[in-house]
Amino acid sequence: MERRLAAILCADIAGYSRMMGVDEAGTHASFKAHRSAIYPIILNHGGRIVKNTGDGFLLEFPSIIGAIEAAVAMQTLMAERNEHLPADRAMHFRMGVHMGDVMADEDEVFGDDVNIAVRLETVATPGGIAVSDKARTEAGRRLAVSLVDAGPHRFKNIAEPVNVWTWAPAGTDAQEHTPEDGPHLPGQYRTAIVGVLPFDNLSGSADEYFSDGLTEDLIHALSLQSFYRVLSRNSTFAYKGKNVSTRLIAREIDATYLIQGSVRRAGNKIRVTAELIAPEKGEQLWTGRYDRDMGDLFAMQDEITANLSAAVAQEIYRAEASAPARSPNSELTAWDRFLKGLSHYYHQTKTDCETAIALFKEAIELDPALSIARAYLALIQIQSIQFGWIPSTRELWASSVSLAESSVRLDPRSSFAFSLLAYLHAMQGHYEAAMDAIKRAIELNPYDMGARGVLGICHMVIGDHRQAVELFSTAVQRGNSDPRYQWGALNAFSHYLLGQYDASLSWSRETLYLNPNHLQGLAVRAAALAQLGRAEEAAQAAEALLANHPKLTVERHLRNFHWKNPADIAHYREGLLKAGLPFGKLALVASASKFAVDS
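Draft legend 1. Examining the side chain of His557 more closely. Checked against the element boundaries, His557 lands in helix 22 (residues 554-558). Leaving out residues up to four positions away in the same chain, His557 has contacts with Leu519, Gln520, Ala523, Leu552, Tyr572 and Leu576.

Quick look at the structure:
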């Protein structure tokens, strides 16, 4: 059993049993949503989840600074999220933080110092943090927040009293989102048609305006996508208040997917439920529920619309990618070939990506005006380079940029096309062009969280890494798991360049969990371990990287990095070399010669 020094954070929710007694399913769903929202913060500070409990969790951090800063960040975010909830539904974490010697057995940790963290959590105020004097002393003046001395406390089964320091959050302002108008691609580029049925008003007639307004906003938000057609308000509002089956509605308006939902008001609280269905199959593809305090009605309506559109759009992509072709195999259209390629793309393996590339090319040959196929072909080519599946060449980069530019010309209203163009410009060091393109993408679709994340990439390449981390984390917190966006690897790089190596390791671990052979994930992991002075682990990481990518050298790897700040490149190069990766071909030859002489 291993022993190590660690920082431990324990958290639970004040009044959780009472909330479960009132609304068991709703309380559990809300807790899971809050836990998902704060998960990126844990990774950003180098932490890991040791154990999830019914109403809380136990975390381990390699640094006490990271543990306390993570606790503060989580409680600050929770305070913001609770602003949107009525007082009786707000969830307040209590957190305890301690450090000391722990025993580790597989993924579990044990010992008196773990028990002290658990006991500290019980004396924290709801929404606050209790920190042991030992942890506070170790953190010293490096903490950016002030702690208040709460005096000595005696805890059950802990021999000596523990001096406790506390922290409580200040208020923060919620961000508002303002939608803008924008048309979509011509209908012949898609086969999926989406209908948004009027949301049922389950309250009094006075609230009819809200349910109708939410439906109209969702129609608008979804229409900003370029992947499918969204039927107008007139097509679906004709069924308001009518008891007609969804299958019959879908046939009458020729809809592939329907979205239906309800709005219920109780006092100062609004509950919105929604579901995405495939009527012909009778399948429920997605369901969601949002509980909000009335507060600023328009801001709350915008927030619910943003969450709904982001969740629904992603599920439609996945459903279409897995749907069977709508034409006989001998008569596959360009769109059918694109969808087949998309289904392979979602598998994220080398073989599937090779198949997807071939299918996207076939789609473009059949219909040179199919903008989205051009965009995906450009994206998958560059991602295959970054994953280490195909070699990087000037021709391939030039081909991808050309595809992205033609995608924008063919579909000037596609936020995805502009996001992709911005991404490629950023990767090549064309910083101003990248910013121009991504601003246009966000103007076209303010609800596109992928575009917000690409804005983070633009900030990362110019050296604004803190802003990049904030944007990447926002994209992750919205539940965006689309493989178009590699938030884990990007977060790993930004944290590395900030010198936050533990957080970089957490994000690279997340990346490698999804794709164990991810070249950039393997590389930044080796560099971060080396910078932490964990030489043996860094050497093992470098060995794993070279086992997967035997021709890789630092010199060749860095050719694909065009960060604006030379110090960022030097910083990354330093970590790779410290890990033991060969610089160039001469180093490889010299190493081979030395091995021959030694043997």
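Next comes the rest of the account.
Draft legend 2. Structural detail: the pairing of strand 14 (residues 283-293). Examined bridge by bridge, strand 13 (residues 269-278) and strand 14 share ten bridges and lie antiparallel to one another. Within the sheet, the bridge partner assigned to Thr273 lies in strand 14 and is Arg289. Between strand 13 and strand 14, which follow one another and run antiparallel, lie four residues, and Gly282 among them has a positive phi close to 70°.

Draft legend 3. Representation of the packing of aromatic side chains. Under the definition given, this model contains 18 aromatic pairs. Arranged with centres 5.5 Å apart and planes meeting at 55°, the rings of Phe57 and Phe93 form a pair that is tilted. Taken as a pair, Phe57 in strand 3 (residues 56-61) and Phe93 in strand 4 (residues 93-105) lie far apart in primary sequence, 36 residues in all. Exposure remark for Phe57: the relative accessible area of 2% places this residue in the buried category. For the ring pair Tyr345 and Tyr346, a centre distance of 6.2 Å and an interplane angle of 75° mean the geometry is edge-to-face.

Draft legend 4. Layout of the packing of helix 16 (residues 449-462) against helix 18 (residues 487-497). Where helix 16 contacts helix 18, the axes come no closer than 11 Å and their chain directions differ by 30°. The angle between the axes of helix 16 and helix 18 places the two elements in the roughly parallel class. Seen along the crossing, helix 16 lies across helix 18 with a hand that is left-handed. Residue-level inspection shows Met449, Gly450, Gly453, Val454, Ile457 and Met460 of helix 16 in contact with helix 18, the latter providing Trp487, Leu490, Phe493 and Ser494. Taken together, the residues of the contact of helix 16 with helix 18 sort by class into seven nonpolar, three polar and no charged.

Draft legend 5. Highlighting empty space enclosed by the protein. For the coordinates displayed, the defined rule picks out four cavities of 30 Å³ or more. A volume near 300 Å³ is recorded for the largest cavity. Mapped onto the lining of the largest cavity, the elements with two or more residues apiece are helix 12 (371-387), helix 14 (415-427), helix 16 and helix 18. Class assignment for the residues of the lining of the largest cavity results in 17 nonpolar, eight polar and one charged.

Cut-offs and rules
- Residues numbered from 1 in each chain as written.
- Predicted model: local features only at pLDDT ≥ 70, side-chain atom pairs only at ≥ 80, totals over all residues.
- Heavy atoms only, no water.
- Helix = DSSP H or I, 4+ residues; strand = E, 2+ residues; numbered from the N terminus.
- Contact = heavy atoms within 4.5 Å.
- Pairing = 2+ DSSP bridges.
- Phe/Tyr/Trp six-rings, centres within 6.5 Å; stacked < 30°, edge-to-face > 60°.
- Buried < 20%, exposed > 50% of the residue type's maximum accessible area, 1.4 Å probe, protein only.
- Axes fitted to C-alpha atoms, helices over the stretch in contact; angles between N-to-C directions.
- Parallel < 35°, antiparallel > 145°, perpendicular 65-115°, else oblique.
- Left-handed = near helix turned anticlockwise from the far one by under 90°.
- Nonpolar A, V, L, I, M, F, W, Y, C, P; charged D, E, K, R; others polar.
- 1 Å grid on protein atoms, 1.4 Å probe; cavity = no way out; pocket = protein on both sides within 12 Å on 5 of 7 lines; lining within 4 Å.
- Points joined across faces, edges and corners; volume = space filled by probe spheres on them.

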